[in-house]
Amino acid sequence: VEVVDDMHVAVLGNPFGMKIYTNGVLVIESEDVKTEDGIVNPAVEAGIKTGDYIKTVNGQEVTCNEELSQAVLESNGKGMNVRAVRDGKEFNCVITPVLDAETGLYRIGIWVRDSSAGIGTLTFYSPSSGVVCGLGHGICDADTETLLQLDSGEFVGAQIISVEKGSDGAPGALKGKFTYESIANIALNCEKGVYGFMKNDVNAANLTEIALKQEVSNGEAQILCTVNGDMPKLYSCTIKKCTSGYSPTQNLIVTVTDPALIEATGGIVQGMSGSPILQKGKLVGALTHVLISDSVTGYGIFAENMLETAESLAKQELKNAS
């Protein structure tokens, strides 16, 4: 039996793909329906709002867009008993579909989404808990800008194939492809990142200590990230602690100083979220966001905060299993 200090982790910096499926279908937009009797919106009139999750229709679970569409089409204009969730609270309503004058099909006046996918960076693997984490911020819906409520999801391998360089006022992005090597099932999507239990063995021979918040100092540091292929490299940066008014993902101000990284990406770009930040041989944090007005500067989250979330998840999993 190998005893591992729970403050030591395997630092990663590799790109990964995320596939996430929502718990119910997320209402992302409303659109009025033109009928022979005028313009109406059955869903809005029933009390449905953007950001709600529709969970069941007439007692049947709704797990994807197609299931909701089929229920509407087969309604024959009869009221549908809908169970939905808003801000974590369930409520019931009745939506009565109407005939669209242009298509002749029943509609209820909303657009919904059941899944999301993207590229990010893995931060660390904790041998003591078996948890792997990345992003440093939660996965949010692009339209509603709300945290996606997780039903299921997966981390898969990815490779960076190109870079859309960022500039002041125009954030760039890493462009990648999924290799579909399964890394972990996503167990948690929260403000502090995405977390799951590693499926494969990780070489834990060379572990890095996580710095406590009070150990982190303003000054020089390094970012470990991947901007080509799947092999991470270290790049120089400076960090500064945020002293007040910061969100859970804005503990550090990070400025890229490495000419090679600036030349390759323009600074901090989408897809680099989760990239580990190291200082004096310890893991101090992870990148989370870029400043739109300054492409070389962004925010970071304390690694200690991510570790606390990983440990809490592991404890909850153990409790559920007992």
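Structure first, text after, so check above.
If you're wondering where the values come from, they're calculated on a predicted model, not measured in any experiment. (Residues numbered from 1 in each chain as written. Predicted model: local features only at pLDDT ≥ 70, side-chain atom pairs only at ≥ 80, totals over all residues. Heavy atoms only, no water.)

A. Structural context of the pairing of strand 19 (residues 252–256). Taking every second residue as pointing to the same face, the buried face of strand 19 carries L252, V254 and V256, while none of I253 and T255 on the other face is buried. The pairing of strand 19 with strand 22 (residues 294–302) spans 4 bridges and is antiparallel. Bridge pairing in strand 22 places I253 opposite Y299. (Buried < 20%, exposed > 50% of the residue type's maximum accessible area, 1.4 Å probe, protein only. Helix = DSSP H or I, 4+ residues; strand = E, 2+ residues; numbered from the N terminus. Pairing = 2+ DSSP bridges.)

B. A look at the environment of E67. Note on placement: E67 falls in helix 2 (residues 65–73). Spatially, the C-alpha atoms of E67 and S128 are 41 Å apart, while their sequence positions differ by 61 residues. Those residues in contact with E67 that lie beyond four places of it in its chain are E61 and V62. Here the side chain of E67 touches T63 through a polar contact of 2.7 Å, landing on its backbone nitrogen. (Contact = heavy atoms within 4.5 Å. Polar contact = N/O pair within 3.5 Å; in protein donor to acceptor, adjacent residues only side chain to side chain.)

C. Fine view of the sheet that holds strand 22. Read once around its circumference, the closed barrel built from 6 strands follows the order 17-18-19-22-21-20, with strand pairing classed as antiparallel. Averaged over all adjacent pairs, the angle separating strand axes in this sheet is 45 degrees, with direction ignored. As paired strands, strand 17 (residues 219–225) and strand 18 (residues 233–241) are joined by 7 bridges and run antiparallel to one another. Among the inter-strand pairings, A221 is bridged to a residue of strand 18, identified as C237. Against the sheet, helix 4 (residues 303–321) touches strand 21 (282–291) and strand 22, its axis set at about 45 degrees to strand 22. (Axes fitted to C-alpha atoms, helices over the stretch in contact; angles between N-to-C directions.)

D. The nonpolar core, seen in detail. Among the nonpolar cores identified, the biggest contains 25 residues, and I239, V254 and I277 are the most heavily contacted of them. Of all the secondary structure elements, the ones that give two or more residues to this core are strand 13 (150–164), strand 17, strand 18, strand 19 and strand 21. Within the second largest apolar cluster, 21 residues are counted, among which are L122, Y125, L148 and M198. (Core = buried A, V, L, I, M, F, W, Y, C linked by side-chain atoms within 4.5 Å.)

E. View of the pattern of salt bridges. Scanning the model with the defined rule gives 13 salt bridges in all. Two residues, E154 and K199, come together in a salt bridge whose shortest N-O distance is 3.8 Å. Residue E154 is located in strand 13, and its partner K199 is located in the loop between strand 15 (193–198) and strand 16 (208–209); the two are separated by 45 residues in the primary sequence. Note that K175 is salt-bridged to E164, the shortest N-O span being 3.4 Å. Taken as a pair, K175 in strand 14 (residues 173–190) and E164 in strand 13 lie far apart in primary sequence, 11 residues in all. Its relative accessible area of 37% is what places K175 among the partly exposed residues. (Salt bridge = Lys/Arg side-chain N within 4 Å of Asp/Glu carboxyl O.)

F. Region of interest: the state of the cysteines. Applying the stated criterion to the full structure yields 0 disulfides. As a non-bridged cysteine, C140 has C190 as the owner of its nearest cysteine sulfur, 11 Å distant. The exposure class of C140 is partly exposed, given its relative accessible area of 41%. The thiol sulfur of C190 is not disulfide-bonded, and the nearest other cysteine sulfur, from C133, lies at 9.6 Å. With relative accessibility at 15%, the residue C190 sits in the buried group. (Disulfide = S-S within 2.5 Å.)

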